[in-house]
Every structure is written in structure tokens, then in C-alpha cells.
Amino acid sequence: MQVTIFEKILNGEIKSEIVYQDKKVIAFRDIMPQAKIHLLFIHREKTVNAVELGLNNAQHAADIFSAIAQYAKESGIDRDGLRIVTNVGRHAGQTVFYTHFHVLAGEPLRTFGA
Ligand code: AMP
């Protein structure tokens, strides 16, 4: 399986601005932010996308959503709201084939899908 940029971030080969970590999940700032706050949450164990994760590692979804909730509460971004997005495959525009959840916040977001 191809080594992705997120594995390089995980093992410290590539620098990133990490904003959250626990035993299972890390989150860092997206290099090309689509909102004032744009974070990427990933599990330390690799899957390729959210469909593979759901089929074979559904516990990862719980780990990631727990991390997002904890971060949202601690940082206060839940007060004004946030968006959680995950792209699966070519038609959705997935570019990094390591499951990740985008968290967008910090300002009013454009209507989704408009
Ligand atoms: P997706 O298009 O859903 O696969 O999202 C991949 C995301 O990874 C994009 O929003 C990119 O801007 C982001 N990205 C790519 N390289 C890096 C990096 N080195 N550090 C942080 N984010 C990155």
C-alpha cells in the first residue's frame, strides 16, 4: 500500500501543526484551509477511506468522533458550530488515501453542496 503524507506526519517525517492527540487519534491543521479553522482528524491505525473503516474498523469511527467532540468542547468551537466532512474516492475528490475527517469551523460556512 502506498505511503501517504499523513503517515509521514504521524511518524514525524513531515512537520505539521498538531492541535490534538491521544492514544488513538491525532489532529492537525490543514495546509490549505477552507475555513478559519480547518483541521484533519486521523486514526493512528491506517485505513484508506471511511468505507473501509466502517467495514473493517468501525471502532475507529468512535475513536475519531470522540476525539472531535473532546477537541470541540475544549476549544469551544462547538458553541458557534462546525462541520465534519470525509471524502471517499475519486468522485468526492479524495486526494490523500488515508482516512481523515475534515473539521471546519471558526466562521459561517458556505451552504454545503451549493
Ligand atoms: P481530501 O481531499 O479529502 O483527501 O483531503 C486531503 C487534505 O489534506 C486537503 O485538504 C489538503 O489540503 C490536506 N493536506 C495535504 N497535505 C497536507 C500536509 N502536509 N499537512 C496538512 N494538510 C495537508
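Residues numbered from 1 in each chain as written. Predicted model: local features only at pLDDT ≥ 70, side-chain atom pairs only at ≥ 80, totals over all residues. Heavy atoms only, no water.

Novice: Where do I start with the overall build of the protein chain in this structure?
Specialist: Broken down by element type, the protein chain carries four helices and five strands. Secondary structure elements of the protein chain, listed N to C terminal, follow the sequence α-β-β-β-α-α-α-β-β. At 14 Å, the protein chain has a C-alpha radius of gyration in line with the 13 Å of a compact globule built from 114 residues. For the protein chain, the spread of C-alpha atoms along the principal axes amounts to about 40 × 30 × 25 Å. Counting over 114 residues, the protein chain shows a buried share of 38%. Residue pairs in contact within the protein chain that sit at least 24 positions apart in sequence constitute 53% of those at least 6 positions apart. Accessible surface, the protein chain as shown: approximately 7,200 Å² in total, 53% of it carbon and sulfur. Positive and negative charge centroids in the protein chain, built from 13 and 12 side chains respectively, lie 3 Å apart. (Helix = DSSP H or I, 4+ residues; strand = E, 2+ residues; numbered from the N terminus. Rg over C-alpha atoms; globule rule 2.2 N^0.38 Å. Buried < 20%, exposed > 50% of the residue type's maximum accessible area, 1.4 Å probe, protein only. Contact = heavy atoms within 4.5 Å. Areas by Shrake-Rupley, 256 points an atom, 1.4 Å probe, with all protein chains shown as cover. Lys, Arg positive; Asp, Glu negative; His and termini not counted. Charge placed at Lys NZ, Arg CZ, Asp CG, Glu CD.)

Novice: Just checking my understanding: could you explain the side chain of threonine 47 for this structure?
Specialist: Within the secondary structure layout, threonine 47 lies in the loop between β3 (37–43) and α2 (50–56). For threonine 47, a relative accessible area of 2% corresponds to the buried category. Threonine 47 has contacts with Glu52, Leu53, Asn57, His60, Phe97, Tyr98 and Thr99, leaving out every residue within four places of it along the chain.

Novice: Is there a simple way to explain the pairing of strand β1 (residues 18–21) in this structure?
Specialist: Strand residues, when the strand is regular, have side chains that alternate between the two faces of the sheet. Of the pairings in the sheet, the one linking β1 to strand β2 (residues 25–29) comprises three bridges and is antiparallel in character. Counterpart to isoleucine 18 in the pairing with β2 is phenylalanine 28. A loop of three residues connects β1 with β2, the two strands running antiparallel in sequence. (Pairing = 2+ DSSP bridges.)

The quantities given are spatial measurements derived from coordinates; they are silent on function.
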